[in-house]
Amino acid sequence: MVGEQRTNTILSKSLFLVVQSSNDIATTYFDIRKVQYDFASYADLLVTWASSFFKELYGLGARRIAVFSAPPLGCLPSQRSLAAGIERECVEKYNEASKLFNTKLSSGLDSLNTNFPLAKFVYVDIYNPLLDIIQNPQKSGNTSCFVLFDFWFSFMGVGKAFFLLIVSGFEVVNKGCCGTGLIEVAVLCNQFNPFTCNDVTNTEALIKLPDNETVPALLVFGDSIVDPGNNNDLVTFAKGNFPPYGRDFIGGIPTGRFSNGKIPADFIAEELGIKEIVPAYLDPTLQPSDILTGVSFASGASGYDPLTSKIPAVYSLSDQLEMFKEYTGKLKAMVGEERTNTILSKSLFLVVQSSNDIASTYFTVRRVQYDFSSYADLLVTWASSFFKELYGLGARRIAVFGAPPLGCLPSQKSIAGGIERECVENYNEACKLFNTKLSSGLDSLNTNFPLAKFVYIDIYNPLLDIIQNPQKSGFEVANKGCCGTGLIEVALLCNRLNPFTCNDVTNLCSTGALVKLPENGTIPAVIVFGDSIVDAGNNNNLVTVAKSNYPPYGRDFSGGIPTGRFSNGKIPSDIIAELLGIKKLLPAYLDPTLQPSDLLTGVSFASGASGYDPLTSKIPSVFSLSDQLEMFKEYIGKLKAMVGEERTNTILSKSLFLVVHSSNDITSTYFTVRKEQYDFASYADILVTLASSFLKELYGLGARRIAVFGAPPLGCLPSQRSLAGGIQRECAENLNEAAKLFNTQLSSELDSLNTNFPLAKFVYVDIYNPLLDIIQNPQKSGFEVANKGCCGTGTIESVLLCNRFNPFT
């Protein structure tokens, strides 16, 4: 139905529920198996069979697996009747058996969590809550009792969801409801039994998930802000399917998006984990999988007012609604009516209109007919009618953008902002009035349609804040657009023939990843330990082959200078520091041009070719991890001399410490030297012990936020493919398996450190799976070649073998 990739996503995100053991204990063991085993041995067998099943589920893609315990079986009406004597008390041997099994099951799941760190196996205790209901039926004042299972928190890490069992007015807990209530089950409970109780309607189970936890699709209506190309085949000036539009989009292709790169709908879908980009519904390359995960019906230059779309001859909101109805029909043909209704009710509907209504239609045509307050009322009426139609077609989660500060658009500043090009206040005041009325209209809809949620999204104030305080958000220019002169160009006026389009829009329109800090969270510095992945040049003055301070390294770095970074440009530590807003480059601690300000905001102590194992750095004569630690102690001394001990302690406790090691330990040291001494499992234990000791020393020196990279898929490195991948240069699986085993043990050790050092946070950073996904699916991330390096032949060159004399780079 949906292809392999989407299937894998569904399976990995789904909740798997396993409810077994009651029949094993109550029937199979006490009727048959007890002549073969004591119960402890039988419980071990059950847990072994269960574990095998869970491992198979994991192998088939399951990652969130909740396993119910055994209930208090001795308190079942049938067991009371069969084995409890005249008083029909709970039968303790059955309950004791359940408890013993539950203990072993819980322990088995803990073991699986350790061995399969990418999954979460959660033990759900039903024994104690149910026993509590049986022993204390009136405990909740004969009204209700609540059984809370917090297992969703274990999966999601955010929010809480409840398994809420509402049991109103329990009076009898030692009998069943069918027949005499003593022993009837299955066929003994039937329509001919005159004693079956009539009313069981007051027992109800609900699972309440965190708000918006499940969003299968994003469905978008609106104007150019969210149009990814629906206007492409229209005869209208309102389209963007030509350069320089799309210059920074995947492949540098103009798609019809009115942007240099992605648009808000793309970012929202990506943040929700749905997909990377939201396609236009009218895209001729649209796939069935896109229908399932959402499309955009938006049309640039449209609005709530029917006249708004009529003037430029684009799709009106009613046209977009007709497309949506057609889309719904296609969805039903694919997955059936019931599944379609579920998708629509769970999806996020995004509506982005009003800018063209206000800036174009009202101020050029409608203002001779209406004062703006009356026109705003009309807009909200049209909007409300549209939202009600959406509701009638199945939408339940509808997010509506307000109007932005239109008076601050470059075009409005140029047309009506005077010689100083100030923001035009009458436009901004109109937007604010419309937003107030729109927000109030949505509140009214929420009251009248309680099964839906209409949410007003304020974009006016955040954008105005960026415009008024551009530097705060990393912008340099906030009163001009990027195209042409930046004063008035839109649509056709922004084109490839315009010589003034800016070249670097990284400060204006960032389309990269985001690092989101908690409110009031600050990271004053990034401090890095590791190997060549994060070495910014510490090896430059060593007598070693492991350095890169010569071309072609640094070819795409600022100024084209080789700095000692093992890269054509920036390295991960630079990118992380920049995303955190700290600085654009993280320098090497041994850089002779290092400035005092660099000490305050962080440095890298990393040394290419080093590792956790002391032998790893000894062979190529580079700085070991203990050498890097000594540099760090020296750095602390310099910091104290600059800002004092108290400020130094604050900087260290708030900073992000990045530790990137293990690759050289595994590929070089183990497979060339250590494998004669250890099997890999033992060597991985040694590496994790060394890593743990280092992390404890960092903690002792003041570090509190420590992110530790796992090993990447080393068997897929070009050099390893060439050396050990056979004639086909496949990934070398023994190296990948070694990396995975090490990662499992490292992740487990970090969990242990978090338990033992609660004032710190040790975070395991999985780079194995994301990199393997890029290697296995390069086109998905915009790559063409994933089995060769860029230098020389691309098969084995690194360090000195990658040099300016190699003609194939």
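Sequence order sets the numbering: in each chain, residues are counted from 1 along the sequence as written. In keeping with the model being predicted, local features are shown solely for residues with a pLDDT of at least 70 and side-chain atom pairs are shown and tallied solely at 80 or more, while totals for entire chains, interfaces and linings include all residues. As a convention, hydrogens and water are excluded, and side-chain values are obtained from all of the structure's heavy atoms.

For the chain, an unreviewed UniProt entry supplies the name GDSL esterase/lipase EXL3 and the organism Vitis vinifera. UniProt positions are given in the numbering used here, feature names are shortened, and annotations may be inferred rather than shown by experiment. Recorded in UniProt under Sequence similarities (unreviewed entry), the annotation for the chain is "Belongs to the 'GDSL' lipolytic enzyme family."

Draft legend 1. Layout of helix α22 (residues 645-654). Buried within α22 are the following residues: Thr648, Ile651 and Leu652. All buried residues of α22 project into a common sector of 95° when viewed along the axis, lining one side. Only protein chains enter the area calculation, which uses a 1.4 Å probe; residues under 20% of their type maximum are buried, those over 50% are exposed, and those in between are partly exposed. In this text, helices come from DSSP runs of H or I with a minimum length of four residues, and strands from runs of E with a minimum of two, each type numbered from the N-terminal end. Working note: the arc is built from the helix axis to C-beta atom directions.

Draft legend 2. Region of interest: a nonpolar patch on the surface. Taken together, the side chains of Leu82, Leu182 and Ile183 present a nonpolar region at the surface, about 250 Å² in accessible area. Note on placement: Leu182 falls in the loop between β4 (162-167) and β5 (203-208). Residues qualify for a patch when their relative accessible area is over 30% and they have no salt bridge, like charges being joined within 9 Å and the nonpolar side chains of Val, Leu, Ile, Met, Phe, Trp and Tyr within 5 Å. Method for areas: the Shrake-Rupley scheme with a 1.4 Å probe, in which residue coverage is limited to the protein chains shown. When a carboxyl oxygen of Asp or Glu lies within 4 Å of a side-chain nitrogen of Lys or Arg, that pair is called a salt bridge.

Draft legend 3. A look at the side chain of Gln720. Secondary-structure assignment places Gln720 in helix α25 (residues 718-724). Note on Gln720: relative accessible area 13%, which makes it buried. The contact rule is simple, with two residues in contact once any of their heavy atoms fall within 4.5 Å. Once residues lying within four places of it in the same chain are set aside, the contact partners of Gln720 are Thr667, Leu714, Gly715, Gly725, Ala732 and Leu735.

Draft legend 4. Molecular detail of the nonpolar core. To qualify as a nonpolar core, a set must consist of buried Ala, Val, Leu, Ile, Met, Phe, Trp, Tyr and Cys residues joined through side-chain atoms within 4.5 Å. One finds Phe632, Tyr635 and Leu698 to be the most contacted residues of the largest nonpolar core, which totals 56 residues. With ten residues, helix α24 (residues 680-700) is the single largest residue contributor to this core. Ranked by size, the runner-up nonpolar core spans 54 residues in total, among them Tyr304, Cys408, Leu438 and Ala452.

Draft legend 5. How the structure looks around the state of the cysteines. Working definition: a disulfide is two cysteine sulfur atoms within 2.5 Å of each other. Enumeration according to the criterion identifies four disulfides in this entry. Here Cys75 engages in a disulfide with Cys90; their sulfurs sit 2.1 Å apart. One disulfide, between Cys75 and Cys90, carries an S-S torsion of 115° and so falls in the right-handed class. On the criterion of sequence distance, the pair formed by Cys75 in the loop between β2 (64-68) and α4 (77-83) and Cys90 in the loop between α4 and α5 (92-115) is long-range, its members being 15 residues apart. Take Cys75: its relative accessible area is 3%, and that puts it in the buried class. Linked covalently through their sulfurs, Cys716 and Cys731 form a disulfide whose S-S length is 2.1 Å. With the S-S bond torsion at 115°, the cross-link from Cys716 to Cys731 turns out right-handed.

Draft legend 6. Summary view of the pattern of salt bridges. Under the defined criterion, the tally for this structure stands at 18 salt bridges. Between Arg366 and Asp305 there is a salt bridge, with the nearest N and O atoms lying 2.9 Å from each other. With Arg366 in the loop between α13 (355-364) and α14 (372-392) and Asp305 in the loop between α9 (288-293) and α10 (306-310), the pair connects residues that are 61 residues apart, well separated along the chain. By the burial criterion, Arg366 is buried, and Asp305 matches it.

Draft legend 7. View of unusual backbone geometry. Residue Pro243 is joined to Pro244 through a cis peptide bond whose omega torsion reads 5°. Topologically, Pro244 is positioned in the loop between β6 (218-222) and α8 (264-271). Cis geometry marks the peptide bond from Pro551 to Pro552; its omega dihedral reads 5°. Non-glycine residue Ala301 carries a positive phi angle of around 80°. Here Ala301 shows up in the loop between α9 and α10. Residue class for Ala301 comes out buried when judged on its relative accessible area of 15%. Of note, the phi angle at Ser621 is positive, near 60°, even though the residue is not glycine. Note that Ser621 resides in the loop between α20 (614-618) and α21 (625-643). Under the relative-accessibility criterion, Ser621 is labelled partly exposed at 43%.

Draft legend 8. Region of the structure containing the packing of helix α23 (residues 663-672) against α24. Note on geometry: axes are C-alpha line fits, over the in-contact stretch for helices, and angles between N-to-C directions span 0 to 180 degrees. Orientation of α23 relative to α24, taken along the N-to-C sense of each, is 125°, at an axis distance of 12 Å. What the angle tells us is that α23 and α24 run oblique. The element α23 and its partner α24 pack so that their crossing is right-handed. Contact with α23, carried on its side by Asp665, Ile666, Thr669 and Tyr670, involves Phe680, Tyr683 and Leu687 of α24 and no other residues of that element. Each residue gets one of three labels, nonpolar for Ala, Val, Leu, Ile, Met, Phe, Trp, Tyr, Cys and Pro, charged for Asp, Glu, Lys and Arg, and polar for the others, Gly among them. Classifying every residue of the contact of α23 with α24 by side-chain character gives five nonpolar, one polar and one charged. Roughly parallel means an angle under 35 degrees; roughly antiparallel, over 145; roughly perpendicular, 65 to 115; everything else is oblique. Note on convention: near helix rotated counterclockwise from far helix by under a right angle means a left-handed crossing. Clockwise means right-handed.

Draft legend 9. The sheet that holds strand β3 (residues 120-124), seen in detail. Pairing within the open sheet is parallel, and its three strands lie in the order β1-β2-β3. The open sheet is flanked by β1 (16-18) and β3, the only strands paired with a single partner. If you compare each strand with its neighbour and ignore which way they point, the axes differ by 20° on average. Pairing of β1 with β2, which is carried by three bridges, proceeds in the parallel orientation. In the strand pairing of β2, Val18 is matched with Val67. Across the face of the sheet, helix α3 (residues 39-59) comes into contact with β1, β2 and β3 while running at roughly 165° to β1. Strand contacts of α5: β2 and β3, with the helix running at about 165° to β3, the strand carrying the most contacts. Here, a strand pair is defined by DSSP locating no fewer than two bridges between the strands.

Draft legend 10. Representation of the sheet that holds strand β9 (residues 453-457). Strand order in the open sheet formed by four strands is β6-β7-β8-β9, and the pairing between neighbours is parallel. The sheet is open, and its two borders are formed by β6 and β9, each paired with just one other strand. Strand after strand, the sheet turns through a mean of 20° between neighbouring axes, direction not considered. Two elements, β6 and strand β7 (residues 348-352), share five bridges in a ladder whose sense is parallel. Across the sheet, Leu218 pairs through a bridge with Leu348, a residue of β7. Where α8 meets the sheet, it contacts β6, β7 and β8 (397-401), and its direction lies at approximately 160° from that of β6.

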